[in-house]
Amino acid sequence: MRTFSHMKGLPVYEQKTGKIVGKISDICFTSHGKVQGFAVESKGWFARHRYLPFSAVQAVGTDGIIIKDAACLQPFSSFQTGYSLYSERGIAGKPVITADGKKLGLLEDVYFHGQLGIIGGYEITDGFFADLTEGKKRIAAAPFTAGEEAIIVNTTM
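Reading the values: the criteria
Residues numbered from 1 in each chain as written. Predicted model: local features only at pLDDT ≥ 70, side-chain atom pairs only at ≥ 80, totals over all residues. Heavy atoms only, no water. Helix = DSSP H or I, 4+ residues; strand = E, 2+ residues; numbered from the N terminus. Rg over C-alpha atoms; globule rule 2.2 N^0.38 Å. Buried < 20%, exposed > 50% of the residue type's maximum accessible area, 1.4 Å probe, protein only. Contact = heavy atoms within 4.5 Å. Areas by Shrake-Rupley, 256 points an atom, 1.4 Å probe, with all protein chains shown as cover. Lys, Arg positive; Asp, Glu negative; His and termini not counted. Charge placed at Lys NZ, Arg CZ, Asp CG, Glu CD. Salt bridge = Lys/Arg side-chain N within 4 Å of Asp/Glu carboxyl O.

(A) Structural context of the overall build of the protein chain. Along the protein chain, the regular secondary structure elements total one helix and 15 strands. A compact globule built from 157 residues would reach a C-alpha radius of gyration of about 15 Å, and the protein chain, at 16 Å, matches this within 12%. Judged by the C-alpha coordinates and their principal axes, the protein chain covers about 50 × 30 × 30 Å. Buried positions account for 45% of the 157 residues belonging to the protein chain. A separation threshold of at least 6 residues defines the contact pool for the protein chain, and within that pool the share at least 24 residues apart is 45%. For the protein chain, the exposed surface amounts to about 8,500 Å²; the carbon and sulfur share of it is 54%. Of the side chains in the protein chain, 17 bear a positive and 15 a negative charge, and the two mean positions are spaced by 8 Å.

Following this line, the structure appears as C-alpha cells:
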C-alpha cells in the first residue's frame, strides 16, 4: 500500500505496443473506498485528460501502469459518480471532520492498494509546521460524505 502521490505522474503503457499513452494525474474513487479508475493526461500537442476505468488496468507497478489497449481510455466526462483528489470533483485540501464533530485536519492524500483497487486510508495534514513537529496523521478508510466545505468521516480517532 502506498500513497497516491507516489503514483501521480507514472506512465501508462499499452501492453500490445509498449507505447506510453499518458501519465496518471488523478485517482477516482467512491465514498466507500472503491477505486473506480484514474485520470490520465495524454501525450501530444492536444493533451487532454482521459478516464481509465480500474477494470481496464492489468497491472499497477512501482514504475508504471499496464493496460491492454489504449482504446479503453474514455473521455473524462464519462466519470460521473464518485470523487477524485485533484480534478473537478476533487476533495484534497478539504477539512476532515469525524461524525462526532472532531476536526482532524485537511485531506492531503489517500493510501491505495494497487492490486486490490481499494483505498486503505487517508493522510491528514495540520499544516506544514505541525507536520514537521508531529507528523502527518493517517486514518483508516471509512465511508465519508463530501460536501462543499468539509468531508465528514464515519469514524472516530
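Having seen the model, we can carry on.
(B) Quick peek at the pattern of salt bridges. In the structure shown here, the tally under the stated rule is four salt bridges. The salt bridge involving Asp69 is made with Lys16; its shortest N-O contact spans 3.3 Å. Placement of Asp69 in the loop between strand 7 (65-67) and strand 8 (74-75) and of Lys16 in the loop between strand 2 (11-14) and strand 3 (20-29) is noted, with a sequence separation of 53 residues between them. We classify Asp69 as partly exposed; its relative accessible area is 27%. Since its relative accessible area comes to 59%, Lys16 is described here as exposed. Taking the shortest distance from any N to any O, the salt bridge between Lys137 and Asp126 comes out at 3.1 Å. With Lys137 in strand 13 (residues 137-140) and Asp126 in the loop between strand 12 (118-125) and helix 1 (128-134), the pair connects residues that are eleven residues apart, well separated along the chain. When its relative accessible area of 24% is taken as the criterion, Lys137 is described as partly exposed.

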